[in-house]
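Summary of structural features
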Amino acid sequence: MEKNTVIAGGMGELGLGIEGILRRAARSLIEQAIEAEVAVLLEEFATVRMVDGRQAVVRNGHLPEREIMTALGPVPVKVPKVRDRSGSGIKFNSVLAPPYVRKSRTVAATVPWLYLHGVSSGHMQEALSILLGDEAKGLSPAVLGRLKAEWAQEYAHWQHRSLQGKRYAYWWVDGIYTNLRAEEDPRICLLVIIGVTAEGKKELVSVSDGLRESKASWLEILRDLQARGLEAAPLLAIGDGAMGFWAALDEAYPETGQQRCWVHKTANILNELPKAQQSKAKAALQEIWMAANRQAAEKALDVFVRNYQAKYPKAVAKLEKDRAELLAFYDFPAEHWRHIRTTNAIESTFATVRHRTTRTKNCVSRSSFLGLGFKMLQQAEKRWIGIYAPEKVLQLFAGVKFIDGLPANLTLPDDQQTAA
């Protein structure tokens with residue numbers, strides 16, 4: 001019976017398949033490593049005692065189990081909790097399985113966020129060995145240095161790719177300042193353009209560094225795109241108003257329409273109002289950009305001006321100076337309005353990069369910074385979802401004119417559109 005039990009157990013293991021067995025082993029290794037981490041923390045504070053003599057920092061169960069996607073598939077992980085009875089704020093956060101980690105499919109995807117999150121080269125091999133197993137063997141600091149050099153080379157190759165025959169309907173444009181420092185520049189800004197292709201898909205157009213407010217920085221980027229074959233101007237560019245990009249766009253692609261981001265504009269206007277007025281003003285601004293047609297939007301904008309001009313002229317001035325650029329989206333398909341009224345498409349991507357880069361004070365070279373930023377954005381690109389009604393892009397490229405979101409030949413009278 002005992003022999004049969006052993007055989008049954010063995011068959012049970014075989015039933016898991018090799019990947020299942022490896023995942024079980026991976027789970028054991030991860031839990032052992034995390035237990036070692038928490039043991040180090042408890043040992044560090046072992047001499048800290050309460051007034052009654054009890055230890056101040058103690059274990060306190062586990063966080064809910066969650067899965068980390070590894071090269072072997074999903075591996076469940078339970079991370080211990082630590083309680084600080086003294087109230088001094090001591091917490092346990094695992095370096096190997098931080099709270100934000102959910103996926104880690106390859107070294108290429110994992111190392112950039114580990115590095116940008118502040119995990120030093122010395123700890124990188126241990127972290128990757130736990131998350132990726134054999135794939136991470138040999139990842140010494142020297143190897144990691146070579147990896148970063150490879151990313152820089154990948155970026156350089158990508159940045160010189162041909163754009164001959166490419167065409168974009170929309171561009172989202174923005175710049176992100178990070179806490180990463182270059183040798184001679186205290187803060188590095190990553191300048192990014194995301195475009196919508198003829199198929200309605202979103203893709204990276206350009207990733208570079210420079211000064212967000214500088215026309216020269218943006219013009220250099222646009223001239224480079226033209227030199228690599230991007231002759232057709234995008235139909236519409238969406239971005240914040242406080243960028244040198246717009247002056248550069250006027251020079252490089254003067255035929256491109258300009259749409260100011262309503263999220264940024266709303267925030268800028270509300271900053272000029274007392275808090276007691278902000279909720280009502282925000283609703284009034286929403287009446288503008290949610291209007292069914294341009295005429296209704298113009299009326300709502302005039303109402304805002306009339307109601308706030310006397311008491312809050314600075315807020316009104318910020319709205320009126322970009323009146324045309326705020327309403328440009330009405331000349332494009334209504335199905336696309338949700339995408340082109342704001343820079344959310346690029347902001348959500350930047351949120352990931354911004355979260356990573358604020359965690360580290362590393363001083364990096366320009367090539368390392370661009371390589372790391374490129375790899376982060378490249379991974380984010382894989383999760384982007386295309387725009388609604390992609391077939392409308394082909395209509396735009398064919399020269400179809402849109403009025404209040406509808407093709408010109410299908411435009412309804414104003415009163416019918418308002419009723420709709």
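Going by what an unreviewed UniProt entry lists, the protein chain is known as Mutator family transposase and is assigned to Acidithiobacillus thiooxidans ATCC 19377. Its UniProt record gives the protein chain a comment under Function (unreviewed entry), which states: "Required for the transposition of the insertion element." Under the heading Sequence similarities (unreviewed entry), UniProt records this for the protein chain: "Belongs to the transposase mutator family."

A few words now on the overall build of the protein chain. Check the secondary structure of the protein chain and you find 16 helices and 11 strands. When the 420 residues of the protein chain are sorted by exposure, 46% land in the buried category. Contacts in the protein chain between residues far apart in sequence, at least 24 positions, make up 67% of those at least 6 positions apart. Surface summary for the protein chain: the accessible area is close to 21200 Å², and the carbon and sulfur share equals 54%.

Mapped onto the elements of the fold, threonine 266 is located in helix H7 (residues 262-270). A polar side-chain atom of threonine 266 sits 2.7 Å from the main-chain carbonyl oxygen of tryptophan 262. Dropping the residues within four chain positions of it, threonine 266 is found in contact with Lys282 and Leu285.

Moving on, we come to the packing of H7 against helix H8 (residues 275-289). Where H7 meets H8, the axes come as close as 10 Å, and the angle between the chain directions of the two elements is 145 degrees. Regarding H7 and H8, the two cross each other, and that crossing is right-handed. From H7, Trp262, Thr266, Ile269 and Leu270 reach across to H8, where they touch Gln278, Ala281, Lys282, Leu285, Ile288 and Trp289. When the residues that make up the contact of H7 with H8 are grouped by side-chain class, the tally is seven nonpolar, two polar and one charged.

Criteria and thresholds
- Residues numbered from 1 in each chain as written.
- Predicted model: local features only at pLDDT ≥ 70, side-chain atom pairs only at ≥ 80, totals over all residues.
- Heavy atoms only, no water.
- UniProt positions renumbered as here; feature names shortened; annotations may be inferred.
- Helix = DSSP H or I, 4+ residues; strand = E, 2+ residues; numbered from the N terminus.
- Buried < 20%, exposed > 50% of the residue type's maximum accessible area, 1.4 Å probe, protein only.
- Contact = heavy atoms within 4.5 Å.
- Areas by Shrake-Rupley, 256 points an atom, 1.4 Å probe, with all protein chains shown as cover.
- Polar contact = N/O pair within 3.5 Å; in protein donor to acceptor, adjacent residues only side chain to side chain.
- Axes fitted to C-alpha atoms, helices over the stretch in contact; angles between N-to-C directions.
- Left-handed = near helix turned anticlockwise from the far one by under 90°.
- Nonpolar A, V, L, I, M, F, W, Y, C, P; charged D, E, K, R; others polar.

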